[in-house]
Amino acid sequence: MKSISKLKKELDKWFSLFIRLRFATKEGLCQCVTCGKVGHYKKMQNGHFQSRRHHATRWNEKNCAVQCIGCNCFQQGQQYRFSIYLDGRYGEGTAKDLEYLAKQITKISRSDYEEKITYYKDVVKKLKKEKGIE
């Protein structure tokens, strides 16, 4: 039986692939939401508006978007620009809602992890097939 930390790591992997693939072109290219840099989805990252340490938003699809390594790692996620992107994409107040949600205490069970892993693994396979990319 996998430990919770191994399940969390596996979910992170599949969720990150999903985030990057959902905006990828048929050539596998996607664009950083904070600086506009274009790169192959395998070289881009899953950026979190609210830090990954907050389990309530760690795997929230609205909290995450494609970012280049420069913005995500070296510029602490460009949170201000990220908030503008979120409000533009999902509606005014989305960033504020995610800030509030991130502070909520969330307990994630073993079965929650397993269900999410199965779900995102399936979605990633479908996206790759639809777009014809590896």
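The rules behind the values
Residues numbered from 1 in each chain as written. Predicted model: local features only at pLDDT ≥ 70, side-chain atom pairs only at ≥ 80, totals over all residues. Heavy atoms only, no water. Phe/Tyr/Trp six-rings, centres within 6.5 Å; stacked < 30°, edge-to-face > 60°. Helix = DSSP H or I, 4+ residues; strand = E, 2+ residues; numbered from the N terminus. Buried < 20%, exposed > 50% of the residue type's maximum accessible area, 1.4 Å probe, protein only. Salt bridge = Lys/Arg side-chain N within 4 Å of Asp/Glu carboxyl O. Axes fitted to C-alpha atoms, helices over the stretch in contact; angles between N-to-C directions. Parallel < 35°, antiparallel > 145°, perpendicular 65-115°, else oblique. Left-handed = near helix turned anticlockwise from the far one by under 90°. Contact = heavy atoms within 4.5 Å. Nonpolar A, V, L, I, M, F, W, Y, C, P; charged D, E, K, R; others polar.

> Sorry, what's going on with the packing of aromatic side chains here?
Geometrically, a pair of aromatic rings is defined through the distance of the ring centres and the angle of the planes. With the rule as written, the count across this model stands at seven aromatic pairs. Residues Phe18 and Tyr120 carry aromatic rings whose centres are separated by 5.2 Å and whose planes lie at 50° to one another, so their mutual orientation is tilted. Residue Phe18 is found in helix α1 (residues 4-22), and its partner Tyr120 is found in helix α6 (residues 110-131); the two are separated by 102 residues along the sequence. Its relative accessible area of 7% is what places Phe18 among the buried residues.

> Looking at this structure, how should I read the pattern of salt bridges?
Side chains that differ in charge, positive against negative, can pair when their charged atoms come close. Tallied over the entire structure, the rule returns five salt bridges. Close ionic contact of Arg58 with Asp12 constitutes a salt bridge, the shortest N to O distance being 2.5 Å. With Arg58 in helix α2 (residues 55-58) and Asp12 in helix α1, the pair connects residues that are 46 residues apart, well separated along the chain. Judged by its relative accessible area of 15%, Asp12 falls in the buried class. With its nearest N and O atoms 4.0 Å apart, the salt bridge here joins Glu99 to Lys96.

> Is there a simple way to think about the packing of α1 against α6 in this case?
Helix packing geometry: the angle between the two helix axes and the distance between the axes. Running from amino to carboxyl end, α1 crosses α6 at an angle of 30°, the nearest separation of the two axes being 9 Å. Put simply, α1 runs roughly parallel to α6. When you trace α1 past α6, the crossing you get is left-handed. Residues Ile4, Leu7, Lys8, Glu10, Leu11, Trp14, Phe15, Leu17, Phe18, Leu21 and Arg22 of α1 pack against Arg110, Tyr113, Glu114, Lys116, Ile117, Tyr120, Lys121, Val123, Val124, Leu127, Lys128 and Lys131 of α6. Of the residues contributing to the contact of α1 with α6, the split by class is 14 nonpolar, no polar and nine charged.

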